[in-house]
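Breakdown of the fold
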Amino acid sequence: MDIRFQVGGPSHWKADAVMTFVFEGEGVEQACSALAQNALWLGIAPAWRDFRGRKGESVMFYGPQAMEISRVLGVGLGKAEKANMTVFRHAVGTAVRRCREYDLETVGIDGASLARVARTLGVSFDALVREAVIAAFLGLYRYDRWKSEKSDHEDPRSLFLMLEGEFVEDAVRAQARMAEAEARGVMLARDAANDPANVMTPSAFAEKARSVASKYGMTWRALGPSELKAEGMNAYLAVARGSAEEPRMVVVEYTPRGAEGRNPVVLVGKGLCFDSGGISLKPAKGMEEMKGDMSGAAAVLGVMEALGQLAPSVAPKRPVVGVMACAENMPDGHATRPGDIVIAKNGKSVEIVNTDAEGRLVLADALAWAQEAYDPFRLVDIATLTGACAVALGLDAAGLFASDDALAAALHEAGTRLGERNWRLPLWTDAGLAALKSSCADMVNSGIREGGAINAAVFLQQFVREGVAWAHIDMAAADNADNPINAKGATGFGVRTLLSAVWDDEGEMLQ
Ligand code: BES
Ligand code: MN
Ligand code: ZN
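The following paragraphs examine the structure supplied in this document.

1. Brief notes about the sheet that holds strand β10 (residues 320–329)
Pairing in this open sheet of eight strands is mixed, and the strands run β7-β8-β10-β9-β13-β17-β14-β15 from one edge to the other. Strands with a single pairing partner mark the edges of an open sheet, and in this sheet they are β7 (219–223) and β15 (422–424). Each strand of the sheet is rotated relative to its neighbour by a mean of 20°, with strand direction disregarded. As paired strands, strand β14 (residues 398–402) and β15 are joined by three bridges and run parallel to one another.

2. Some details on the coordination of the manganese ion (ligand 2)
Six octahedral donors around a metal ideally make angles of 90 or 180 degrees; four tetrahedral donors ideally make 109.5 degrees. In this structure, D275 (OD), D356 (O), D356 (OD) and E358 (OE) serve as the protein donors to the manganese ion (ligand 2), at separations of 2.1 to 2.2 Å. Considering all six donor atoms around the manganese ion (ligand 2), the spread of angles at the metal, 71 to 166°, places the coordination shape in the irregular class. Counting residues between consecutive donors of the manganese ion (ligand 2) along the chain gives the motif D-x80-D-x1-E. Between the two metals, the manganese ion (ligand 2) and the zinc ion (ligand 3), the spacing is 3.2 Å, and D275 donates to both. According to the relative accessible area criterion, D356 is partly exposed, its value standing at 21%.

3. Digging into the coordination of the zinc ion (ligand 3)
Distances from the zinc ion (ligand 3) to its protein donors, K270 (NZ), D275 (OD), D293 (OD) and E358 (OE), fall at 2.0 to 2.4 Å. Coordination at the zinc ion (ligand 3) comes from six donor atoms whose angles at the metal span 78 to 172°, giving a geometry best classed as octahedral. We note that the donor set of the zinc ion (ligand 3) lies within a single chain, spaced as K-x4-D-x17-D-x64-E.

4. What to know about the pairing of strand β8 (residues 248–254)
Among the seven residues in β8, six count as buried, and that is most of the element. Where β7 meets β8, five bridges bridge the pair, whose relative direction is antiparallel. Bridged to R221 within β8 is V251. Alignment of β8 against β10, held across seven bridges, turns out to be antiparallel.

5. Re helix α10 (residues 359–374)
Look at α10: 22 Å from first C-alpha to last across 16 residues, which is about the 22 Å you get at 1.5 Å a residue. Most of α10 is tucked away, with 14 of its 16 residues classed as buried. Phi for D375, located one or two positions after α10, is positive at around 45°.

6. Considerations on the nonpolar core
Of all hydrophobic cores here, the largest spans 101 residues; its most connected members are F21, F88, L114, F205, L307, M324 and L498. Ranked by residues supplied to this core, first place goes to helix α5 (residues 170–194) with 12 residues. The residues that make up this core include at least three from each of domain 1 (2–144 + 154–164) and domain 2 (179–502). With 52 residues, the next largest nonpolar core counts V266, A325, L385 and V464 among its residues.

7. Some remarks on the packing of α5 against helix α6 (residues 202–215)
When two helices pack together, their arrangement is captured by the angle between the axes and the distance separating the axes. Where α5 meets α6, the axes come as close as 12 Å, and the angle between the chain directions of the two elements is 160°. The pairing of α5 with α6 is recorded here as roughly antiparallel in orientation. Remark: the crossing between α5 and α6 carries right-handed chirality. Across the interface between the two elements, L188, D191 and A192 from α5 touch F205, K208 and V212 from α6.

Calculation notes
Residues numbered from 1 in each chain as written. Chains lettered and ligands numbered in written order. Predicted model: local features only at pLDDT ≥ 70, side-chain atom pairs only at ≥ 80, totals over all residues. Heavy atoms only, no water. Pairing = 2+ DSSP bridges. Helix = DSSP H or I, 4+ residues; strand = E, 2+ residues; numbered from the N terminus. Axes fitted to C-alpha atoms, helices over the stretch in contact; angles between N-to-C directions. Donors = N, O, S within 2.8 Å, 3.2 Å for Na, K, Ca; no water. Tetrahedral: all angles 85-135°; square planar, octahedral: opposite > 155°, others 65-115°. Buried < 20%, exposed > 50% of the residue type's maximum accessible area, 1.4 Å probe, protein only. Expected span 1.5 Å × (residues − 1). Core = buried A, V, L, I, M, F, W, Y, C linked by side-chain atoms within 4.5 Å. Domains from an automatic or database assignment. Parallel < 35°, antiparallel > 145°, perpendicular 65-115°, else oblique. Left-handed = near helix turned anticlockwise from the far one by under 90°. Contact = heavy atoms within 4.5 Å.

The following block contains the structure:
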């Protein structure tokens, strides 16, 4: 689906269907008077009798077939005072799915209606355009590569943003472009995380990253077992020992013109292509979901894809480095045993008392390596790290930990605004270290259940140097969803939030 513009107001608009938004209790005059002035039939369409504008409701209004606009899809947003951006995104997702169901090729969005919704929600018009475009892409996303019988409904060919003025403002065009780039990143992350573990192995992930890098002229490298060994990354290697699949730490660097030599923004993702728990084996129920334990790495690759899509129009001022720490956690005769002790890259010894607390082992070495290799301006990691985080915050939010208040505030604001909610949790180092006390090594990898997400974050903190602006996003649980902008499965959570972090540069506003 491509994104296009039509200008000049309703008398110049043309599409198989035009989407318009209606708050509960509104009639045609309040909801879409501009549209109705040009599609006169809309004012007297009988279906208004039954359309209430409720949340989740949508009604197709039909006019005479010869008209330029002969279908209007009324999309309910519920009560105006309760509506929010999530309601809006879901409404768009529901609407585009319905258009696809009807095999419509061109779908428009009534810009006058968008402007009204923007005022009601208290956001700018161009910000709402961005959300509309991304919701349209994400609503249409489906993961059907293994279905032998695919749906015979194709995505609409074009989505038209139908504007009232004579030209498209730069800010609107920029936000639409941004949305499309973000959507491509999110969809790539979803594909990678939805792919099963027998396909999306660490090596396959590395190849996928290589193709992203080469498409956009970014540099790519992948560290295998011998390189990881040479780098002293024994905690990382301990996780991969029991698997027939070799680990790969994949590194993609994007250096925009003019950013050469500056300290980069470094993004690190947990890439457990499958997490069986290892010798500390997980229970059978739900274990299949652990194919998605590489959602952090997938989100990082999604950011690189989005940056490639955007380049060079809005390139960040610093290089961006994606470090994707891929491995598979399996039990076998070579696997790490509970009680084994390893020396991590930064020289700290870790007693691995639970092989299912593997994400922090992989990330510990990846974080230590990234600091040594890049001296980052900012370091953000993202991981499906602890079930405890989901217990604390529910299914639709990530935990946020940070060594830096400004970075935490920026990531919290971005996540909230972009529909990837996160909530800051404390980095209580004393409590975390007490929970991680080992009798024979510097620390254990898994302490008490209480405060599990904090303990994991404090574990990671032991591998981050003093003074580095670091944040950690624990996205366990937020990596899956089933809603109008998310076909059941992977979410691509984090792509938008992390992408926003590459621009927040010396006081520059977050995008
Ligand atoms: N990948 C899991 C965390 C997870 C659980 C993600 C559920 C998504 C959904 C992680 O590696 C893990 O197993 N964590 C353990 C840590 C414990 C052993 C300290 C957990 O949360 O139980
Ligand atoms: Mn685990
Ligand atoms: Zn895991």
